[in-house]
Amino acid sequence: MDALAAAGALRGSHLIPSVRGELLSRLGRSAEARAELLTAAGLTRNDREAALLRRKAGALGSRPGGETGG
């Protein structure tokens, strides 16, 4: 994902930050994941998708344990 982003692939699309957010979340890097998901929400033009991404970001922000996710 990082290589695609660095290469400018899908520039301006919500897809790369949304996938990065999901992957970071699975790694327990909640703060970074939340930031990526919020970036993705701001880039998508689909209101329902933006709402879903914001909900996922919000759920990460409410997890105890900060970066470790618990």
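Note that the structure is predicted; figures quoted are calculated from it, not measured.

### Observations regarding the overall build of the protein chain
And step 1. Scanning the protein chain for helices and strands turns up four helices and zero strands.
And step 2. Order of helices (α) and strands (β) in the protein chain, N terminus to C terminus: α-α-α-α.
And step 3. Considering the protein chain as a whole, with its 70 residues, one finds that 30% of them fall into the buried category.
And step 4. A separation threshold of at least 6 residues defines the contact pool for the protein chain, and within that pool the share at least 24 residues apart is 38%.
And step 5. Accessible surface computed for the protein chain: about 4,500 Å², of which carbon and sulfur atoms make up 54%.

### What about the confidence of the model for the protein chain?
The predicted coordinates should not be examined in detail at positions where pLDDT is low.
And step 1. For the protein chain, the mean per-residue pLDDT works out to 87, and 87% of the residues sit at or above 70.
And step 2. Within the protein chain, helix H3 (residues 30-43) carries the highest mean pLDDT (96), whereas helix H1 (residues 2-6) carries the lowest (81).

### Some remarks on the pattern of salt bridges
And step 1. This structure, assessed with the given rule, holds three salt bridges.
And step 2. In this structure, Glu36 and Arg20 form a salt bridge, with 2.5 Å as the shortest nitrogen-oxygen distance. With Glu36 in helix H3 and Arg20 in helix H2 (residues 15-26), this residue pair connects regions lying 16 residues apart in the sequence.
And step 3. Among the salt bridges present, the one from Glu32 reaches Arg29, with a minimum N-O distance of 2.7 Å.
And step 4. Residue classification places Glu32 among the partly exposed residues on the basis of a relative accessible area of 34%.

### Side note on the packing of H3 against helix H4 (residues 47-61)
Packed helix pairs are characterised by how far apart their axes lie and by the angle those axes make with each other.
And step 1. Their axes nearest at 8 Å, the elements H3 and H4 cross at an angle of 165°. Considering the angle they form, H3 stands roughly antiparallel to H4. Every pair of crossing elements has a handedness; the one defined by H3 and H4 is left-handed. Residues Ser30, Ala33, Arg34, Leu37, Leu38, Ala40 and Ala41 of H3 lie in contact with H4, whose contacting residues are Ala50, Leu53, Arg54, Lys56, Ala57, Leu60 and Gly61.
And step 2. Its residues placed into classes, the contact of H3 with H4 shows nine nonpolar, two polar and three charged.

### Some thoughts on the environment of Arg54
And step 1. Turning to its location among the elements, Arg54 is positioned in helix H4.
And step 2. For Arg54, a relative accessible area of 46% translates into the label partly exposed.
And step 3. Between the alpha carbons of Arg54 and Gly42 there is a distance of 9.1 Å; along the sequence they are 12 residues apart.
And step 4. Apart from residues no more than four positions distant in its own chain, Arg54 is found in contact with Leu38 and Ala41.

Conventions we followed
- Residues numbered from 1 in each chain as written.
- Predicted model: local features only at pLDDT ≥ 70, side-chain atom pairs only at ≥ 80, totals over all residues.
- Heavy atoms only, no water.
- Helix = DSSP H or I, 4+ residues; strand = E, 2+ residues; numbered from the N terminus.
- Buried < 20%, exposed > 50% of the residue type's maximum accessible area, 1.4 Å probe, protein only.
- Contact = heavy atoms within 4.5 Å.
- Areas by Shrake-Rupley, 256 points an atom, 1.4 Å probe, with all protein chains shown as cover.
- pLDDT = per-residue confidence, 0-100.
- Salt bridge = Lys/Arg side-chain N within 4 Å of Asp/Glu carboxyl O.
- Axes fitted to C-alpha atoms, helices over the stretch in contact; angles between N-to-C directions.
- Parallel < 35°, antiparallel > 145°, perpendicular 65-115°, else oblique.
- Left-handed = near helix turned anticlockwise from the far one by under 90°.
- Nonpolar A, V, L, I, M, F, W, Y, C, P; charged D, E, K, R; others polar.

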